[in-house]
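# Residue-level structural notes
The chain contents come next:
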Amino acid sequence: MSSFTAGSDRGPEHEQAVFGRGFDNGVVTIVRRLMATGLLSADDPVADGG
């Protein structure tokens, strides 16, 4: 799982990530469930204009 931060006047663009292995890892479990079910557009801040 990673996040990307766009550059600003304070510094360049960069990406941060968290890695997990194994089906009993909490991060892996959450990401697998999100990928399987997807996100509702009502929960998407971009779909709400911001």
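Quick notes on the rules
- Residues numbered from 1 in each chain as written.
- Predicted model: local features only at pLDDT ≥ 70, side-chain atom pairs only at ≥ 80, totals over all residues.
- Heavy atoms only, no water.
- Helix = DSSP H or I, 4+ residues; strand = E, 2+ residues; numbered from the N terminus.
- Buried < 20%, exposed > 50% of the residue type's maximum accessible area, 1.4 Å probe, protein only.
- Areas by Shrake-Rupley, 256 points an atom, 1.4 Å probe, with all protein chains shown as cover.
- Patch = residues over 30% accessible without salt bridge, like charges linked within 9 Å, V, L, I, M, F, W, Y side chains within 5 Å.
- Salt bridge = Lys/Arg side-chain N within 4 Å of Asp/Glu carboxyl O.
- pLDDT = per-residue confidence, 0-100.
- Expected span 1.5 Å × (residues − 1).
- Polar contact = N/O pair within 3.5 Å; in protein donor to acceptor, adjacent residues only side chain to side chain.
- Contact = heavy atoms within 4.5 Å.

Each helix and strand counted, the chain has one helix and two strands in total. Evaluated residue by residue, the chain yields a buried proportion of 2% over its 50 residues. Accessible area for the chain stands at about 4,800 Å²; split by element, carbon and sulfur atoms hold 56% of it.

Where nonpolar side chains cluster on the molecular surface, the patch consists of Met1, Val18 and Val27 and spans about 270 Å² of accessible area. Judged by its relative accessible area of 31%, valine 27 is partly exposed.

For the chain, the average pLDDT comes to 75, and 70% of its residues sit at 70 or higher. The lowest-confidence element of the chain is strand β1 (residues 2-5), averaging 79 in pLDDT; the highest-confidence one is helix α1 (residues 26-37), averaging 84.

Here we come to α1. Helix length check: α1 (12 residues) gives 17 Å between terminal C-alpha atoms against 16 Å at 1.5 Å per residue, within 8%. One side-chain oxygen of the residue at the start of α1 lies 2.8 Å from the amide nitrogen of valine 27, identifying that residue as asparagine 25. Directly after α1, the chain includes glycine 38, whose backbone phi takes a positive value near 75°.

To continue, consider the environment of glutamine 16. Among the structural elements, glutamine 16 can be located in strand β2 (residues 14-17). Glutamine 16 gets classed as exposed once you look at its relative accessible area, which sits at 52%. Separated by 13 residues in the primary sequence, glutamine 16 and serine 3 have C-alpha atoms spaced 5.5 Å apart. In this structure glutamine 16 touches Met1, Ser2 and Ser3, once residues within four positions along its chain are discounted.

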